[in-house]
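# Architecture and fold: a report
As a plain string of letters, each chain reads:
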Amino acid sequence: MPALPWHAIDTVLLDMDGTLLDLHYDNHFWMDHLPQRYAELHGVSRAMAEMELQPLFERNAGQLQWYCLDFWSAELKIPVRELKLETAHLIALRPDADTFLAAIKRAGKRVILITNAHRDSLSLKLERIELAPYFERLISSHDYGFAKENPQFWDALQADINFDPARSLFIDDTLPILRSAQAFGVGHLLAVKEPDSKKGPKDTAEFAAVGDYRDLIVGL
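Thresholds applied
Residues numbered from 1 in each chain as written. Predicted model: local features only at pLDDT ≥ 70, side-chain atom pairs only at ≥ 80, totals over all residues. Heavy atoms only, no water. Buried < 20%, exposed > 50% of the residue type's maximum accessible area, 1.4 Å probe, protein only. Helix = DSSP H or I, 4+ residues; strand = E, 2+ residues; numbered from the N terminus. Arc of directions from axis to C-beta. Contact = heavy atoms within 4.5 Å. Polar contact = N/O pair within 3.5 Å; in protein donor to acceptor, adjacent residues only side chain to side chain. Pairing = 2+ DSSP bridges. Axes fitted to C-alpha atoms, helices over the stretch in contact; angles between N-to-C directions. Phe/Tyr/Trp six-rings, centres within 6.5 Å; stacked < 30°, edge-to-face > 60°.

### A word on helix H5 (residues 97–106)
Regarding H5, the residues found buried are Ala97, Phe100, Leu101, Ala103 and Ile104. Taken end-on, H5 shows its buried residues confined to a sector of 165°, consistent with a single buried face. Residues of H5 that are buried make contact with strand S1 (11–14), strand S2 (110–115), strand S4 (168–171) and helix H9 (213–216). Glycine 108 sits one or two residues past H5 and shows a positive phi near 85°.

### Quick word on helix H7 (residues 151–161)
Those residues of H7 that sit buried are Phe153, Trp154, Leu157 and Ile161. The arc that holds the buried residues of H7, viewed along the axis, is 95°, so those residues lie on one side. Of the residues in H7, the exposed ones pointing more than 90 degrees away from the buried face are Pro151 and Ala159. If you follow the buried residues of H7, they end up packed against S1, S2, strand S3 (137–140), S4 and helix H8 (175–184). Capping the start of H7, asparagine 150 holds a side-chain oxygen 2.8 Å from the backbone nitrogen of glutamine 152, two or three residues further along. Where H7 ends, the next residue or the one after it, asparagine 162, has phi of about 50°, a positive value.

### Brief notes about the sheet that holds S4
Spatially, S3-S2-S1-S4-S5-S6 is the arrangement adopted by the six strands of the open sheet, whose pairing is parallel. Because the sheet does not close on itself, it has two edges, and the strands there are S3 and strand S6 (209–210). Bridge count for S1 against S4 is four bridges, and the pairing is parallel. The residue bridging leucine 13 from the neighbouring strand is phenylalanine 170, located in S4. Across the sheet, H8 is in contact with S4 and strand S5 (188–192); its angle to S5 comes to roughly 180°.

### A short note on the side chain of histidine 118
By the secondary structure assignment, histidine 118 is in the loop between S2 and helix H6 (119–128). Classification of histidine 118 as buried rests on a relative accessible area of 8%. Contact partners of histidine 118, with chain neighbours within four places excluded, come to Tyr67, Cys68, Leu69, Asp70, Arg81, Ser140 and His142.

### A short note on the packing of aromatic side chains
We describe a pair of aromatic rings using the distance from one ring centre to the other and the angle between the two ring planes. Overall, the coordinates contain 14 aromatic pairs when judged by the stated rule. When the centroid spacing of 5.8 Å and the interplanar angle of 85° are considered together, the rings of tryptophan 66 and tryptophan 72 count as edge-to-face. Classification of tryptophan 72 as buried rests on a relative accessible area of 0%. Both rings, one in tryptophan 154 and one in phenylalanine 170, keep their centres 5.2 Å apart while their planes meet at 75°; by these two values the pair is edge-to-face. Of this pair, tryptophan 154 sits in helix H7 while phenylalanine 170 sits in strand S4, placing them 16 residues apart in sequence. On the basis of relative accessible area, tryptophan 154 is assigned to the buried category, the value being 0%.

Right, dumping it as structure tokens:
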């Protein structure tokens, strides 16, 4: 991956899940733990639970409600917040993400977290991983009413924090979100090579991808 032109970057926008935190926690929860607990709480088989959940997941993917714990608690009639606590021991920082955060903060960059995570999910993770001190702001897309995939999220972000997209770096593990940021005019974009430590590298299509956060601070 080529060195970043840090002289041309004032603002660093960072995703949380899969970017700073290992996506294994979320993947395990939604794909394994939730279907199992849904089956137990509703008295159905695991196979039946997956048959019922899959179309709901597909219908809501990429929309704001996909990330909303209140929506899923009501839709599935199960206490999703409480269930998330049952696997909270899996919440983990990606390797050297804290080294990168400390370096960009020391360098005087404006550092802002932008996540689709529901505020309850964000709070749960911040209780276990000390991320808040590195950031000027911690923004959930639920604050604006639009997921990051939606162009209106970026308009709301601009109105809120008044940043120069052309002089900003954005790192995210989701390609539709990176493409949305690109369409808005964010000048420097990076995907994540291995957002889930248990699944291996992923195809990041047209985007360069960060594998080792220590590589990004060269020339900072």
